[in-house]
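Chain by chain, the residues run as shown.
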Amino acid sequence: MDDLKLLVDLHREGARQGPGSDAATRRALDLSGLRGQAGLRVADIGCGTGAATRVIAAELDAHVTAVDLFPDFLQVLEDHAEKAGLSDRIDTLAASMDDLPFAPGSLDAIWAEGAIYNIGFEAGITAWRRFLKPGGVLAVSELTWLTAERPEELTEHWAQEYPQVATAGTKIAQLEASGYMLIGYFPQGHVEWMENYYSPIIKRFSDFLARYDSDAARAIVAAEQREVGLYQRFADYVSYGFYIARRLPD
Ligand code: SAH
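Everything numeric in this text was worked out from a predicted model, so none of it was measured. (Residues numbered from 1 in each chain as written. Predicted model: local features only at pLDDT ≥ 70, side-chain atom pairs only at ≥ 80, totals over all residues. Heavy atoms only, no water.)

A. How the structure looks around the overall build of the protein. Regarding its fold elements, the protein presents nine helices and eight strands. In terms of C-alpha radius of gyration, the protein reaches 18 Å, essentially the compact-globule figure of 18 Å for 250 residues. For the protein, the C-alpha atoms occupy an extent of roughly 50 × 45 × 30 Å along the three principal directions. For the protein, contacts bridging at least 24 residues in sequence account for 77% of all contacts bridging at least 6. Accessible area for the protein stands at about 11,300 Å²; split by element, carbon and sulfur atoms hold 50% of it. Averaging the positions of the 23 positive and the 37 negative side-chain charges in the protein gives two centres separated by 4 Å. (Helix = DSSP H or I, 4+ residues; strand = E, 2+ residues; numbered from the N terminus. Rg over C-alpha atoms; globule rule 2.2 N^0.38 Å. Contact = heavy atoms within 4.5 Å. Areas by Shrake-Rupley, 256 points an atom, 1.4 Å probe, with all protein chains shown as cover. Lys, Arg positive; Asp, Glu negative; His and termini not counted. Charge placed at Lys NZ, Arg CZ, Asp CG, Glu CD.)

See below:
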């Protein structure tokens, strides 16, 4: 079994595949100005099993296209949507975020929680802008330095894993340079990263290793454990920031 299949297996049973919370999604919805608008078209890109998708579909008057590279996640999302009575508001689409089939100017909002890093923040905000209507909303959460300075060990880890990690000031400047106006930002915290994401994964490690007694599986667990350990020691310096921005006219 290759690494990707192992990763999907480890993450499929999680309520989330990245840091986040229903409360954070709601806060971003509050900031977005989308509440109260009718007949919205929204894409949730890198939706995983759809924790955010369900909040958006339940709380906006919207049709949501939930996009992920992995059909296994979309299958779980469809089951959850069905149970929540949201199937008629959610479609799934197995596609890569660097090759999306949306028509130009067709979306009122693009949502992406803990996912844009897969193509990189700047590439993502640039490539996705054309799918938004002028005035449409981009809401993305992204790995963010919380302070101007931080311990060397933390800098080195994330510089290797995700070189685009930067402060909110840098990310906001990138949005502004790419044709967006910032309408809201907030950093997420312990609940979103530790309680909702890392703690549930840690609980799944032993079952996962029992299912896959292999060096590849052990390496995945070791890497996750290292990342969790770093987060626990350095949570004051790094988190996921939530950026809500409006597409400016050309
Ligand atoms: N938004 C979800 C999942 C975040 S994890 C949540 O907050 O829980 C990142 C997601 O991006 C995963 O579900 C992963 O399968 C998906 N992904 C990774 N590469 C992708 C790509 N190239 N195109 C679309 N989705 C991708």
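Back to the text.
B. Structural context of the pairing of strand β4 (residues 107-112). Of all six residues that make up β4, six are buried, and the element is covered over most of its length. Two elements, strand β1 (residues 40-45) and β4, share three bridges in a ladder whose sense is parallel. Its bridge partner lying in β4, Ala43 is registered against Ile110. Relative to strand β5 (residues 132-145), β4 is paired through five bridges, and the arrangement is parallel. Bridge pairing in β5 places Trp111 opposite Ala139. Viewed along the sheet, the connection from β4 through helix α5 (residues 121-129) into β5 turns out right-handed. (Buried < 20%, exposed > 50% of the residue type's maximum accessible area, 1.4 Å probe, protein only. Pairing = 2+ DSSP bridges. Right-handed = clockwise from strand over helix to strand, strands pointing away.)

C. Region of interest: the packing of aromatic side chains. Taken as a whole, this structure holds 15 aromatic pairs when the rule is applied. Seen in terms of ring centroids, Trp193 and Tyr198 are 5.6 Å apart; in terms of plane orientation they differ by 20 degrees. Their pairing is stacked. Among the aromatic residues, ring-to-ring pairing joins Trp158, Trp193, Tyr197, Tyr198, Tyr231 and Tyr240 into one connected group. Cation over ring: Arg27 sits above Phe186, and NZ or CZ is 4.2 Å from the ring centre. (Phe/Tyr/Trp six-rings, centres within 6.5 Å; stacked < 30°, edge-to-face > 60°. Lys NZ or Arg CZ within 6 Å of the ring centre and 35° of its normal.)

D. Focus on the site of the ligand. Around the ligand, the surrounding shell holds 17 residues, and the nearest of these are Gln17, Gly46, Asp68, Met97 and Glu113. Leu69 has a polar backbone atom sitting 3.3 Å from a nitrogen atom of the ligand. Protein chains shield 92% of the accessible area of the ligand, which is 570 Å² for the free molecule. For the shell around the ligand, the class distribution of residues is seven nonpolar, seven polar and three charged. (Near = heavy atom within 4 Å. Polar contact = N/O pair within 3.5 Å; in protein donor to acceptor, adjacent residues only side chain to side chain. Nonpolar A, V, L, I, M, F, W, Y, C, P; charged D, E, K, R; others polar.)

E. Representation of the pattern of salt bridges in the model. Per the stated rule, a full pass over the model turns up 14 salt bridges. Across the pair Arg233 and Glu153 runs a salt bridge whose closest N-O atoms are separated by 2.8 Å. In this pair, Arg233 is assigned in helix α9 (residues 215-234) and Glu153 in helix α6 (residues 152-161), connecting sequence segments 80 residues apart. A salt bridge links Asp250 to Arg247, with the nearest nitrogen and oxygen atoms 3.1 Å apart. The exposed category is assigned to Asp250, whose relative accessible area is 79%. Taken together, the salt bridges that share partners define one network made up of Asp9, Arg12, Asp72 and Arg211. (Salt bridge = Lys/Arg side-chain N within 4 Å of Asp/Glu carboxyl O.)

F. Region of the structure containing the nonpolar core. In this structure, Trp128, Leu138, Trp158 and Trp193 are the most contacted members of the largest nonpolar core, which totals 50 residues. Among the nonpolar cores identified, the runner-up in size contains 27 residues, and Leu40, Cys47, Leu60 and Ile90 belong to it. (Core = buried A, V, L, I, M, F, W, Y, C linked by side-chain atoms within 4.5 Å.)

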